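So you can see what is in the structure, the chains are spelled out below.
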Amino acid sequence: MRNKEKLVEILLTLIGLSSVTVLGLIILFIFKEGLPAFAQVGLWQFVTGTRWSPGKNLLGILPMIAGSFVVTAGALVVGLPLGLGCAIYLSEFATAKTAAILKPTIELLAGIPSVVFGFIGLTLMVPFIRNFFGGPGFSVLASALVLGIMILPTMVSVSYDALRAVPPVYREGMLALGSTDWQAVKMVVLPAARPGILAAAILAMGRAIGETMAVIMVAGNSTIIPTSFLDPVRTLTSNIALEMGYATGLHRQALFATGVVLFVIISILNLTARVVVRGKTR
Amino acid sequence: MFAGKAAKIELREFELYYGDFRVLKKVSAAFAANAVTAIIGPSGCGKSTLLRSINRMNDLIEGVRVTGEIRLDGKNIYDPDVDLIWLRARIGMVFQRPVAFPLSIFDNVAAAPRVRGILSHKELVPIVETSLKAVGLWPEVKDRLGQAASSLSLGDQQKLSIARAIATQPDVVLFDEPCSALDPIATHTIEDLMQSLSEHYTIIIVTHNMQQAARASDFTMFMLDGNIVEYSPTRELFTNPKDTRTENYITGKLG
Ligand SMILES: Nc1ncnc2c1ncn2[C@@H]1O[C@H](COP(=O)(O)OP(=O)(O)O)[C@@H](O)[C@H]1O
Ligand SMILES: [Mg+2]
């Protein structure tokens, strides 16, 4: 009995370690493939260079860094309020029956392949933006809208769970003071659920910054720093996906280096967000 | 029976159903102003239901239906024109477990006036201070109002809940087994507090603890199975019960 227990423990530890090992190997591989590009182009030159033209050996990814940031920020501007509002409605105002229908429906969005979102953006949003706002239609705005919708399921279901986890006595305590439902939500339920809502936002941000296919289809992908919401953009992930198929030599290494930069940016964002969440939890 | 005290709340043939289940059965009784009235009785007899009918917290439960009346200063609170928000501002409630919102000590008390639309810090400060003083918590917390309310002991959290309940300036405060989560010392402070509060408020307390009712109340109501069995001044009920069921209960032979 004792021995069996020990065996299970060792097995589980190995399994746990193996997933960490795989992660470690992936990171190692990306760095190994990418670092020569940093050496050759120069780290500073690589991340602040504004021209990306592999044919001419001009390898600066600042336009893509800017693209990733602005598209992700736009997606959050669209998706966070919408997702949080939806979660608040489902958790606090909808009847149990309505919530039981709506929540799985929203979660179904997560199961739709991203290429389908890209296709919808391409056939509906891009022409709409072109006709009503001008520009090529392929734009920061189109990417933000598509991504904003794609992060909804994450945002809604994680913040819904956070809201549901708030003890019912808080709501009761507020209502007993003569508060309206909305006052109870605003004054006590939301503050109580804040760590979970921040976690939802982090996950949503990770989803937005990592999404590739849908963005490629609606962003326009030109390698210039966008100056308006109607300008086309290229993100870091798109840069890799678009060119990896034919890249060789330094160009190929530069794409891996793009991956390294993306990895570092995501790690920093995650870390900051986690610190923020922990600060708010106390 | 109230020895000159006015009736603040009056139940008239009040009945409450959870679906088809009749929990309160044609209950008629009055509660005296500026006194502590205890409701005792075995678990499940309808004490909490009766209490929560007075500030209409039962309205939150699906399938609840009532008949009869509950009058507050003569006005039936189940009339269709009664504003629940107004009603609950006039009738405060303290729950079994202390409710410390995940906010600062200050914000916990300030929640009550804020609900009524008092938002300026200048107006909130004196209300918070008065309420905390009324429950005797002020000396202890005045230098750390910004700290999380969860840092207080359970007994102090319950005092905080009481401070919040009276910060809406109600006439009536309802207590539903307010000491069941507390140690004996904290229990005694809360009992004393209820007595001193009864100078300004009408206090109704549900308790399963007979010693508590005997110690802390002016009048005691004994309930059984959705009916009032006996209701009289506390001393009388405990020393000279008229109904044998009351006698059995207070001597421990029942429930
Ligand atoms: N939400 C509810 N739905 C259905 N029945 C309930 C509900 N709340 C209480 N009851 C029932 O009503 C009766 C009285 O409950 P309660 O007023 O809580 O009793 P007490 O406070 O005296 O212990 C009990 O039989 C209980 O099971
Ligand atoms: Mg009860």
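Let me sum up the structure you'll find in this document. (Residues numbered from 1 in each chain as written. Chains lettered and ligands numbered in written order. Predicted model: local features only at pLDDT ≥ 70, side-chain atom pairs only at ≥ 80, totals over all residues. Heavy atoms only, no water.)

Helix and strand counts for chain B come out as 10 helices and 10 strands. Dimensions of chain B, computed from the C-alpha atoms along their principal axes, are close to 55 × 45 × 35 Å. Residues counted as buried form 56% of the 255 residues belonging to chain B. For chain B, restricting intrachain contacts to residue pairs at least 6 apart in sequence, the fraction spanning at least 24 positions comes to 68%. Summed over all atoms, the accessible surface of chain B reaches about 10900 Å², with 50% contributed by carbon and sulfur. Distance between charge centres in chain B, computed from 28 positive and 30 negative side chains, equals 1 Å. (Helix = DSSP H or I, 4+ residues; strand = E, 2+ residues; numbered from the N terminus. Buried < 20%, exposed > 50% of the residue type's maximum accessible area, 1.4 Å probe, protein only. Contact = heavy atoms within 4.5 Å. Areas by Shrake-Rupley, 256 points an atom, 1.4 Å probe, with all protein chains shown as cover. Lys, Arg positive; Asp, Glu negative; His and termini not counted. Charge placed at Lys NZ, Arg CZ, Asp CG, Glu CD.)

Take the nonpolar core next. One recurring pattern in soluble globular proteins is that nonpolar side chains are buried together. In this structure, Met174(A), Ile9(B), Phe31(B) and Leu132(B) are the most contacted members of the largest nonpolar core, which totals 135 residues. When residues of this core are assigned to their parent elements, the largest contribution, 11 residues, is made by helix α9 (residues 181–210) of chain A. When neighbours within four sequence positions are excluded, Ile9(B) is seen to be in contact with Ala29(B), Ala30(B), Phe31(B), Ile54(B), Ile70(B), Arg71(B), Leu72(B), Val172(B) and Ile204(B). (Core = buried A, V, L, I, M, F, W, Y, C linked by side-chain atoms within 4.5 Å.)

The next point concerns the pattern of salt bridges. Residue and element names in this part refer to chain B. For the coordinates displayed, the defined rule picks out 26 salt bridges over all chains. In this structure, the salt-bridge partner of aspartate 243 is arginine 245, at a minimum N-O distance of 3.1 Å. Ionic contacts of the salt-bridge type, sharing partners, join the residues Lys8, Asp73, Arg90 and Asp171 into one network. (Salt bridge = Lys/Arg side-chain N within 4 Å of Asp/Glu carboxyl O.)

Before going further, it helps to examine the environment of Asn55(B). Residues and elements named next belong to chain B. Here asparagine 55 is to be found in the loop between α1 (47–54) and β4 (64–72). Overall, asparagine 55 belongs to the buried group, its relative accessible area being 0%. Taking the C-alpha atoms as reference, asparagine 55 lies 8.0 Å from methionine 93; in sequence the two are 38 residues apart.

Residues and elements named next belong to chain B. An order of β2-β1-β4-β5 is seen for the 4 strands of this open sheet, with the pairing classed as antiparallel. The open sheet has two edge strands, β2 (21–32) and β5 (75–76), and neither has a second partner. Here 8 bridges tie strand β1 (residues 7–18) to β2, and the two strands are oriented antiparallel to one another. Within the sheet, the bridge partner assigned to leucine 16 lies in β2 and is leucine 24. (Pairing = 2+ DSSP bridges.)

All names here are of chain B. When you tally the buried positions in strand β8 (residues 202–206), you get 5 out of 5 residues, the bulk of the element. Residues Thr202, Ile204 and Val206 point to one face of β8 and Ile203 and Ile205 to the other, with burial holding for every one of them. Sheet topology note: the strand β3 (residues 36–40)/β8 ladder contains 4 bridges and is parallel. Across the sheet, threonine 37 pairs through a bridge with isoleucine 204, a residue of β8.

Attention shifts here to helix α4 (residues 96–108) of chain A. All names here are of chain A. Taking 1.5 Å as the rise per residue, α4 with 13 residues should run 18 Å; its terminal C-alpha atoms sit 19 Å apart, in good agreement. For α4, the set of buried residues is Ala99, Lys103 and Ile106. Take α4 and look down its axis: the buried residues cluster within an arc of 70°, on one side only. For α4, exposure combined with an orientation more than 90 degrees from the buried face picks out Lys97, Ala100, Ile101 and Leu108. For α4, the secondary structure elements touched by its buried residues are α3 (62–93) and α7 (152–164). (Expected span 1.5 Å × (residues − 1). Arc of directions from axis to C-beta.)

We now examine the state of the cysteines. Taken as a whole and judged by the stated rule, the model has 0 disulfides over all chains. The cysteine Cys45(B) is free of any disulfide, with Cys179(B) supplying the nearest cysteine sulfur at 18 Å. (Disulfide = S-S within 2.5 Å.)

It is worth spelling out the site of ligand 1 at this point. All names here are of chain B. Around ligand 1, the neighbouring residues are Tyr18, Phe21, Val23, Pro42, Ser43, Gly44, Cys45, Gly46, Lys47, Ser48, Thr49 and Ile61. In the environment of ligand 1, an oxygen atom lies 3.1 Å from a nitrogen or oxygen atom belonging to the backbone of glycine 46. Lysine 47 is positioned such that a nitrogen or oxygen atom in its backbone is 2.9 Å from an oxygen atom of ligand 1. The protein chains hide 62% of the 560 Å² of surface that ligand 1 would expose on its own. (Near = heavy atom within 4 Å. Polar contact = N/O pair within 3.5 Å; in protein donor to acceptor, adjacent residues only side chain to side chain.)

The subject of this paragraph is the packing of aromatic side chains. A full pass over the atoms with the stated rule returns 8 aromatic pairs over all chains. Relative to Phe256(A), the ring of Phe29(A) has its centre 5.6 Å away and its plane inclined at 90°; by these criteria the two rings are edge-to-face. Here Phe256(A) lies in helix α12 (residues 249–281) and Phe29(A) lies in helix α1 (residues 2–41), a separation of 227 residues in the sequence. The class for Phe256(A) is buried, based on a relative accessible area of 12%. Sitting above the plane of the Tyr17(B) ring, Arg65(B) keeps its charged end 4.3 Å from the centroid. (Phe/Tyr/Trp six-rings, centres within 6.5 Å; stacked < 30°, edge-to-face > 60°. Lys NZ or Arg CZ within 6 Å of the ring centre and 35° of its normal.)

So, about the interface of chain B and chain A. Listed as interface residues are 21 residues of chain B and, on the opposing side, 16 residues of chain A. Of the roughly 1500 Å² buried between chain B and chain A on both sides combined, carbon and sulfur atoms contribute 74%. On the chain B side of the contact with chain A, Phe101(B), Pro102(B) and Val115(B) bury the most area, a combined 33% of that side's loss. At the boundary of chain B with chain A, the tally comes to 1 salt bridge. Its salt-bridge partner being Arg52(B), residue Glu172(A) comes within 2.7 Å of it at the nearest N-O pair. Taken together, the links from chain B to chain A amount to 2 residue pairs in polar contact (both at pLDDT 80 or more). Breaking the side of chain B that touches chain A down by element, the ones donating at least two residues are α2 (84–90), β6 (91–94), α3 (105–115) and α6 (154–166) of chain B. (Buried area = accessible area lost by both parts, 1.4 Å probe.)

This next bit is on α9(A). Over its 30 residues, α9(A) runs only 37 Å from end to end, short of the ideal 44 Å by more than 12%, given 1.5 Å per residue. In the structure, α9(A) departs most strongly from a straight axis at Arg194(A), where the bend amounts to approximately 60° and where the proline Pro195(A) lies between one and four residues downstream. (Bend = angle between axes of the 7 residues up to and from the residue.)

Residue and element names in this part refer to chain B. Here we have 6 strands laid out as an open sheet, ordered β6-β7-β8-β3-β9-β10, and mixed in their pairing. The sheet terminates laterally at β6 and β10 (227–233), the two strands that pair on one side only. The sheet shows a mean angle of 15° between the axes of neighbouring strands, direction not considered. In the sheet, β3 pairs with strand β9 (residues 219–224) via 4 bridges, with the strands oriented parallel. Of the residues in β9, the one forming a bridge with threonine 37 is phenylalanine 219. Across the face of the sheet, helix α7 (residues 184–197) comes into contact with β3, β7 (172–176) and β8 while running at roughly 150° to β8. (Axes fitted to C-alpha atoms, helices over the stretch in contact; angles between N-to-C directions.)

Any functional reading would require information beyond the geometric quantities listed.
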